[in-house]
Each structure stands twice: as C-alpha cells, then as structure tokens.
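One letter stands for each residue in the lines below.
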2 protein chains.
Amino acid sequence: MSVTIKDIAQICKVSEGTVDRALNDRPGISKKTKEYILKVAKELNYTPNHLARGLAKGRSMTLGVILFDVRNPYFAKLMNAIEVKAREIGYVVFPIFTHHDPQNERKALEHFKTRQVDGIIMFSVQSGHEFEKELLDLKIPIVTIGNRISGGWTYVGINERESMKDAVKHVISQGYEEIIYICPPLTRRGEVNLYTLEERLAGCREGLSEMGKKEPLVIMDSDYIKAISQIDLESQPKKAIVCPADIYALEVLNHFKKNKIRVPEQVGLMGFDDIDTLKYISPRLCSVRYPVSEIGITAVNRLLEEIDGNHNKHLNVLLLQHQIVTGESL
Amino acid sequence: MSVTIKDIAQICKVSEGTVDRALNDRPGISKKTKEYILKVAKELNYTPNHLARGLAKGRSMTLGVILFDVRNPYFAKLMNAIEVKAREIGYVVFPIFTHHDPQNERKALEHFKTRQVDGIIMFSVQSGHEFEKELLDLKIPIVTIGNRISGGWTYVGINERESMKDAVKHVISQGYEEIIYICPPLTRRGEVNLYTLEERLAGCREGLSEMGKKEPLVIMDSDYIKAISQIDLESQPKKAIVCPADIYALEVLNHFKKNKIRVPEQVGLMGFDDIDTLKYISPRLCSVRYPVSEIGITAVNRLLEEIDGNHNKHLNVLLLQHQIVTGESL
DNA sequence: CTGAAAGCGCTAACAC
DNA sequence: GTGTTAGCGCTTTCAG
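This is a predicted model, so every value here is computed, not measured.

A. Molecular detail of the relation of the copies chain B and chain A. When chain B is brought onto chain A, the operation consists of a screw motion whose angular component is 180 degrees and whose axial shift is 0.1 Å, with 0.1 Å RMSD remaining. Such a combination of rotation and displacement between the chain copies is what one expects of a two-fold axis. When the interface residues of chain B are mapped onto chain A, 100% of them are again interface residues, pointing to one common binding face.

B. Highlighting the protein's contact with DNA strand C. Lining the immediate environment of DNA strand C, one finds 26 residues, of which A:I5, A:D20, A:Y46, A:R53 and B:G28 sit closest. Each atom of DNA strand C within 4 Å of the protein was assigned to sugar, phosphate or base; sugar and phosphate come to 71%. The side chain of A:D20 places a nitrogen or oxygen atom 2.3 Å from a phosphate oxygen of DNA strand C. Looking at the surface near DNA strand C, the elements with two or more residues in it are α2 (16–23) and α4 (50–57) of chain A together with α2 (16–23) and α4 (50–57) of chain B. By residue class, the composition of the surface near DNA strand C is 10 nonpolar, 9 polar and 7 charged.

C. Representation of the protein's contact with DNA strand D. Near DNA strand D you find 27 residues, and of these A:R21, A:G28, B:I5, B:D20 and B:Y46 are the closest. For DNA strand D, the backbone makes up 67% of the atoms found within 4 Å of the protein, where backbone means sugar plus phosphate. Residue A:T33 places a side-chain N or O atom 2.8 Å away from a phosphate oxygen belonging to DNA strand D. Taken together, the elements giving at least two residues each to the surface near DNA strand D come down to α2 and α4 of chain A together with α1 (5–12), α2 and α4 of chain B.

D. Spatial organisation of the UniProt feature "domain: HTH lacI-type" (unreviewed entry) in chain A. Look at the UniProt record and you will see "domain: HTH lacI-type" (unreviewed entry) annotated at residues 3–57 of chain A. Regarding residues 3–57 of chain A, the helix share stands at 67% and the strand share at 0%, and the terminal C-alpha atoms are separated by 20 Å.

E. Local environment of the pattern of salt bridges. Taken as a whole and judged by the stated rule, the model has 52 salt bridges over all chains. B:D20 is paired through a salt bridge with B:R26; the nearest N and O atoms lie 2.5 Å apart. Judged by relative accessible area, which is 23%, B:D20 ranks as partly exposed. The shortest N-O distance in the salt bridge between B:D276 and B:K77 comes to 3.3 Å. Of this pair, B:D276 sits in the loop between β9 (268–270) and β10 (287–289) while B:K77 sits in helix α5 (residues 73–88), and the two are 199 residues apart along the sequence. Classification of B:D276 as partly exposed rests on a relative accessible area of 46%. Among the charged side chains, a salt-bridge network with shared partners connects A:R161, A:E162, A:K165, A:K169, A:E199, A:E206 and A:E210.

Conventions and cut-offs
- Residues numbered from 1 in each chain as written.
- Chains lettered and ligands numbered in written order.
- Predicted model: local features only at pLDDT ≥ 70, side-chain atom pairs only at ≥ 80, totals over all residues.
- Heavy atoms only, no water.
- Least-squares fit on C-alpha atoms with pLDDT ≥ 70 in both.
- Contact = heavy atoms within 4.5 Å.
- Near = heavy atom within 4 Å.
- Polar contact = N/O pair within 3.5 Å; in protein donor to acceptor, adjacent residues only side chain to side chain.
- Helix = DSSP H or I, 4+ residues; strand = E, 2+ residues; numbered from the N terminus.
- Nonpolar A, V, L, I, M, F, W, Y, C, P; charged D, E, K, R; others polar.
- UniProt positions renumbered as here; feature names shortened; annotations may be inferred.
- Salt bridge = Lys/Arg side-chain N within 4 Å of Asp/Glu carboxyl O.
- Buried < 20%, exposed > 50% of the residue type's maximum accessible area, 1.4 Å probe, protein only.

Here you go:
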C-alpha cells in the first residue's frame with residue numbers, strides 16, 4: 001500500500017494531527033517539527049489521498065463538464081480552455097460527451113452526483129421544467145454555456161440573437177436580397193434544448209425585417225444538401241446561404257465545389273463560429289467569431305465563485321463580444 | 001447533506017451492512033428485506049458516494065488520460081473514443097492536456113497518483129530512464145499510445161515505421177524522385193519523446209533506400225514555410241513534400257495556394273493521419289489513414305485487463321492496420 | 001439471514 | 001505546540 005499520514009506519524013513519533021498541520025501548513029506547529037515531518041514525508045515519497053481528503057472535507061476538487069462532442073472543433077477549444085483553467089486553480093475535470101443524447105446527459109448528471117463533483121459546466125441537451133427540477137435536486141452549482149436553460153442558472157456565452165442579426169445585416173449590406181437559412185437540428189424541436197439555434201434563427205428574422213427584406217427560407221432537412229440542390233440559386237434576386245454553424249457551411253461549400261457552383265459569384269455563403277479549420281479553406285468563409293476559450297475560462301471562474309458562495313446572484317448572464325469576420329464567400 | 005446508507009438503515013431499522021447487501025446485490029439477504037430497502041432508497045433518492053466507496057475499496061473507477069492537445073483533431077477523436085468506451089464500462093476519465101510540456105506531464109502524473117486513478121492512458125511527452133523510474137514508482141497500470149516508452153509498458157498504435165515506408169513508396173510510385181520531409185518537432189531531440197516522429201522518419205529513409213532513391217531532405221525548422229520557399233521545387237528531378245502529420249501539410253498547402261504553386265503539377269504533397277478536415281480541402285490530400293478510435297478503445301480495454309491483472313504480459317504491443325489514402329495531391 | 005464493528009486516509013474540534 | 005478522538009460514507013469480516 002501507499003504511505004499514509006499514519007506512517008509518517010509513527011516514524012516521526014508525533015500524532016497524525018501534527019503531521020496534518022505540517023503537510024497542509026496549518027498554524028500551531030513549531031518550525032522544527034514541521035521541517036522534520038516534511039523531510040520524512042519527502043523521503044517516503046508521500047502523496048496525499050484525494051479520495052480520503054474529499055470525503056473528510058466534503059470537497060472533491062473536481063468539476064463535471066458536459067459537452068456534445070469534442071470532435072467538433074468548437075467544443076475541443078472549449079474543452080481545452082476549461083481543462084487548463086480548472087487545473088490552474090487546483091481542480092481536475094470529468095468530461096462527459098452526450099452526443100446530443102438526453103439519456104447520456106441524464107446519466108452524466110448522475111455520475112457527477114455520485115462522484116461528488118463540486119460544480120458542473122454544462123452545454124445542455126435538455127430543457128424544460130422537469131429537467132430544471134432534476135438539476136435543482138442535484139444541489140450542485142451549475143454554470144450553463146451555449147444552450148441556456150433558464151434564469152435559475154448562470155449563463156456564459158454571447159448574445160446569440162444579436163450576433164446572428166449582425167451577421168445577416170452584413171450579408172444584406174453585401175447586396176444580397178434573399179436568405180436561405182440552414183439549420184437541420186430544428187427538426188428536433190420540443191425534444192431537445194435548442195436555445196442557441198432558436199435565438200440565432202430569431203436574430204436572422206429580426207435582421208431581415210429591420211432591413212426591410214422578406215422572411216428567410218428555412219431549411220431543416222437533415223439532408224439539406226439535397227434540399228439546396230433543388231433550389232434555383234441563381235434566380236434573381238441575389239441569394240445567400242446563411243448557416244448557424246461553420247460545419248454546415250463547409251458541407252454546402254463542398255457541394256458547390258462538386259457542382260461547379262461558384263461562391264460568391266453565383267451564391268453567397270455565411271457561416272458561424274469561425275472555427276480554426278477555415279484558414280485552410282478557400283474561398284475564405286465569412287463567419288462570426290467569438291472568444292470561445294474565454295467563454296470556457298469565464299465559466300470556470302464563475303463556477304468557482306458559485307462553489308465558494310461569493311458570486312453576484314443578480315448578475316448571472318455573462319455575455320462576451322462577437323465579431324463579424326469578412327471573407328471571400330460574400 | 002445527502003442521504004446516506006446510515007439514513008436508510010435507521011429508517012428500515014436494519015444495519016448498515018444489510019443496506020449495503022441490498023444496494024449492491026450481495027448475497028446473504030432475504031428477498032423481502034432487500035425489496036423494502038431498495039424501495040426506501042428510491043424514495044429517499046439515495047445516490048452512493050463514490051469517494052467513500054473508492055476509499056473503502058481501494059478502487060476509484062477512474063482513468064487518467066494524458067494527451068497533447070484536444071484542439072488537434074487527431075487527439076479529439078482519441079479523446080472521444082476513450083471517454084465513451086470508459087464510461088460504457090463504468091469508468092470516468094480525468095483528461096490532462098500537456099501541450100508538449102514535460103512539466104505538465106509530471107504534474108499530471110502526480111495528480112493521478114493523489115487522485116487514486118486505477119489506470120492511465122498516456123501519449124507521453126517524456127522518455128528515458130529517469131522517467132521510466134518515475135512511472136514505475138507510481139505503481140499504477142499504464143498503457144501508452146502514440147509515443148512508445150519502452151517494453152515495460154503496453155503500447156497501442158500502428159507500425160509507425162512501416163506506415164511511413166508505405167507512404168513514401170506510394171509517393172515514389174507516382175513518379176517522384178526526391179522527397180522533402182518536414183518535421184519541425186525534431187529540433188527537440190533529446191528533450192522530449194519523439195518515438196512516433198523518429199520512427200516515421202526512419203520509415204521514410206528505409207522506403208527511399210529500398211526504392212533506390214536518395215536520402216530525403218529533412219526540414220526541421222520551426223519556420224518550415226520559409227525554409228520551403230527557399231527551395232527550387234520545380235527543378236528536376238520531380239519532388240514531393242512528405243509530412244508526418246496532416247497539419248503540417250495543410251500549412252504547406254496554404255503557402256502554395258498563396259504563391260500560386262500548383263499541387264500536384266509543380267510539386268507533390270503527402271500528409272499523415274487523414275484527419276476529418278481533409279474532406280473540405282482541395283486538392284484532396286494524400287494521407288495515411290489508421291483507426292484512431294479503435295486505438296482509443298483498444299487502449300481502454302487493455303488497460304482494464306491490466307487493472308484486473310488478467311492480461312497477457314508477453315503480448316504488450318498492439319498494432320492496428322494503416323492504409324494509404326490516395327488523393328489529388330500526388 | 002442479519003448485526004456489530006473495524007477500517008479506508010484524512011480533517012477538525014477540543015483537550016492538555 | 002501537540003495529542004486525542006470522532007467523524008466523512010461505504011465495505012467487509014466475523015459473530016450470532
């Protein structure tokens with residue numbers, strides 16, 4: 001077995017309490033005995049047992065993280081920022097990837113409960129009253145990112161609606177008159193949490209309305225490529241395709257390339273997220289950039305404040321700035 | 001506080017031991033009391049405390065995972081596979097991203113030790129005797145992936161040397177006579193674990209030698225783009241650039257696009273890893289594909305066998321198949 | 001089949 | 001300053 005506090009206590013002929021005081025430099029111990037204990041501890045290659053400590057203190061120094069899928073570069077960036085920041089302040093993270101499955105999310109929360117995590121950062125799949133009750137029952141501080149749940153939980157992100165509104169206005173300012181909006185997940189309305197996507201769609205509508213343009217054509221088919229190919233994109237007035245995520249825009253772009261449809265000459269294209277991959281792709285996609293890593297870091301910082309109970313309860317929506325990235329696709 | 005076994009015991013008027021028997025369906029309990037206890041437990045919304053259980057059983061049901069950086073799509077895929085597989089069998093993972101920093105790796109191992117992880121999957125930054133001694137001192141089963149350490153630890157991956165040899169032979173078979181090999185991390189020789197990259201380079205050399213071609217020109221500058229731009233790529237004989245990672249090849253491709261150097265007409269290009277991103281990029285990069293997710297899954301499975309002590313000690317190198325992906329860049 | 005009690009390694013409150 | 005002791009919640013062994 002590993003060497004424990006008790007072992008050290010025996011060797012140093014002091015009590016476990018004294019060893020504890022030395023190891024965690026708590027007051028009430030003479031410099032001499034402290035140094036001696038530390039020396040012996042080092043010699044024995046002592047390492048504390050975090051399970052025992054967590055049990056005794058009621059704090060596991062662990063954060064749960066719920067995300068959709070790290071293979072999505074956006075989530076990878078978030079995951080990286082969260083892990084690095086958390087570790088910087090002595091925490092370690094348990095990530096669980098739900099892959100958009102509510103069942104996975106439920107199990108993840110249960111895992112976190114039994115594992116005694118001190119807090120949770122969650123990009124949630126679910127929403128609704130029942131879900132909120134579940135979350136409350138956990139009695140664990142939760143910070144939400146991306147998909148908002150309700151005013152009951154802190155939300156860190158961007159102003160989704162405004163950012164898409166700005167994006168659409170930018171598209172219009174480039175001379176486009178009609179917008180085709182692609183968002184397949186919307187077919188799961190009522191089934192999963194679509195806060196982010198609904199907000200973006202609303203922003204698109206608002207932007208168009210404010211610019212005096214007609215409603216967007218919204219495509220929610222999972223096979224949106226097929227849906228697009230049935231539209232006469234070159235008919236007047238000038239059309240642009242707007243996607244609330246770069247990954248859809250890239251699929252569309254691939255389709256266009258394959259069919260020799262030139263962007264932006266024949267049709268405009270706008271993405272969202274400004275994922276790092278874009279730098280390798282031409283034409284450079286217009287997109288919306290926002291500080292993903294900062295969202296992760298902010299979420300961790302806020303979660304810690306909530307764990308320690310010293311947070312501002314009235315300020316629980318933390319929004320960061322977005323920015324339109326002009327490219328060659330409009 | 002949360003409801004505990006003790007609470008249930010009091011309410012059911014039985015001992016804690018009996019409750020434990022019911023909850024973990026251990027033998028030696030009557031059907032009746034068991035059902036009663038389970039009913040009460042459900043009513044009270046009891047959730048076990050994993051810290052306490054881990055402490056008592058000496059098993060945390062947790063795996064440590066050490067990777068370079070999830071923002072690299074290759075690691076993201078690996079991370080995803082590991083997390084999903086681990087959870088499937090009741091484990092949860094602690095990932096730590098080293099960003100190629102030995103210091104981070106050292107701290108990660110310490111974290112894992114104090115956190116009592118049952119096993120570790122590691123893509124290591126370090127190597128050497130001293131490091132091996134450190135690993136042995138941990139007394140925790142470790143499975144290595146990517147960068148091999150030594151015969152002392154299980155290695156899951158591909159035959160790095162053969163795969164690059166095959167890649168190079170493919171390049172030559174396409175009519176190229178000279179190879180420019182790009183591998184910036186090699187400048188850190190002696191400082192970090194470069195097993196994978198050294199093997200690939202050796203494979204490149206072997207392949208060329210077997211095909212009767214001359215040695216490759218190896219570029220290790222961190223600013224390899226500048227180095228390339230100083231080479232006359234179009235001089236005879238026909239040249240191809242080979243990269244042991246797609247991410248370098250993409251940077252090179254970007255440079256070529258910017259400078260109107262056509263691939264493959266003016267120069268050939270070959271990558272490695274076949275990252276998902278490639279599907280969006282033209283020309284389609286030739287690359288080497290291997291089952292990344294399977295590597296993760298295999299590593300988890302093997303690690304579990306090692307934890308349970310029922311593994312084949314004589315078979316500790318697990319190699320999966322690679323495959324050349326032909327594209328438009330040669 | 002059930003209960004009692006010791007122990008996992010560490011913390012914290014209270015004596016001395 | 002230092003020692004003692006009672007937990008934290010769960011498992012496990014030994015009686016009965």
